[in-house]
Structures are given as structure tokens and as C-alpha cells.
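Spelled out from the first residue to the last, the chains are:
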Amino acid sequence: MNLPPGTTLYIGPPANPLPPELQAKIAYAISGVPGIREAHLPQCYSKGLVDPSAQILVLVLNPGVTPGNVMPQLQENMRTALRGTSKFIDIFPLAPNHPMLPTVRQTNTKLVI
């Protein structure tokens, strides 16, 4: 997901986290994609973009890795992980020095990948 400049984004721990078995499927989907350092599933709200609020997948990429390097394989793996559910999860890839990262980490939603 690409956010327009100046977009306000609220991030916090989810009130109703995804079921553990679905989180495990998502973690497995991510683990098969090289270049991803961390993954988190925080709750997010942004008026008109992530509205109503929802859990999103925040990825921390290794230095030098771009979203274009990981997204094709990740999207394929996520389709498999979410098959049979009615879930859709927005994906936000971040550089390891992104200023939003400390807030994401404070949500304690890190997946083990």
C-alpha cells in the first residue's frame, strides 16, 4: 500500500488479533521470502485508506532490498495462506531505518519468521 504524503496513520495493538493458526500461516508465508528481516501485525487506521481499522502486515526489509524484490513472491504466498478465509491484509514494506518502525515494534505484534 502506498500512502500519500501527509497521511495520518494510527498504529496500535489489535483489539481482536487474528487467530493464532492464521498468524502461523502468515509467518510461514513470509519465511519463504528472502530479504525480509521482521514482520508485524499491528492494528492500523487511516481515514479513507484503512477505514475501518484493520490488522496490517508490516514488513521490515533487509538493507538494499526493495519492495519490488519481495512483493511478487510474498503476494503469491499470502494468497495461499489466506485461502479459505475472508481476510484481506494490506502489506506495508519498510526500510530498517523507517521512522514508523519504533511505533510498530511497540505494538508487540511481531511474528516469528
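Residues numbered from 1 in each chain as written. Predicted model: local features only at pLDDT ≥ 70, side-chain atom pairs only at ≥ 80, totals over all residues. Heavy atoms only, no water.

### Digging into the sheet that holds strand 4 (residues 50-55)
Read from one edge to the other, the open sheet built from three strands follows the order 1-3-4, with strand pairing classed as antiparallel. Where the open sheet ends on each side, the last strands, each with one partner, are strand 1 (10-12) and strand 4. Strand-to-strand, the axes of this sheet are offset by a mean angle of 15°, without reference to chain direction. Two elements, strand 3 (residues 43-46) and strand 4, share three bridges in a ladder whose sense is antiparallel. Bridge pairing links Ser46 to Val50 in strand 4. (Pairing = 2+ DSSP bridges. Helix = DSSP H or I, 4+ residues; strand = E, 2+ residues; numbered from the N terminus. Axes fitted to C-alpha atoms, helices over the stretch in contact; angles between N-to-C directions.)

### Examining the pattern of salt bridges
Across all of its chains, the model carries one salt bridge by this definition. The partner of Arg105 in a salt bridge is Glu38, and the shortest N-O contact between them spans 2.5 Å. Here Arg105, found in helix 3 (residues 101-105), pairs with Glu38, found in strand 2 (residues 36-40); they are 67 residues apart in sequence, far enough to count as distant. Owing to a relative accessible area of 8%, Glu38 belongs among the buried residues under this scheme. (Salt bridge = Lys/Arg side-chain N within 4 Å of Asp/Glu carboxyl O. Buried < 20%, exposed > 50% of the residue type's maximum accessible area, 1.4 Å probe, protein only.)

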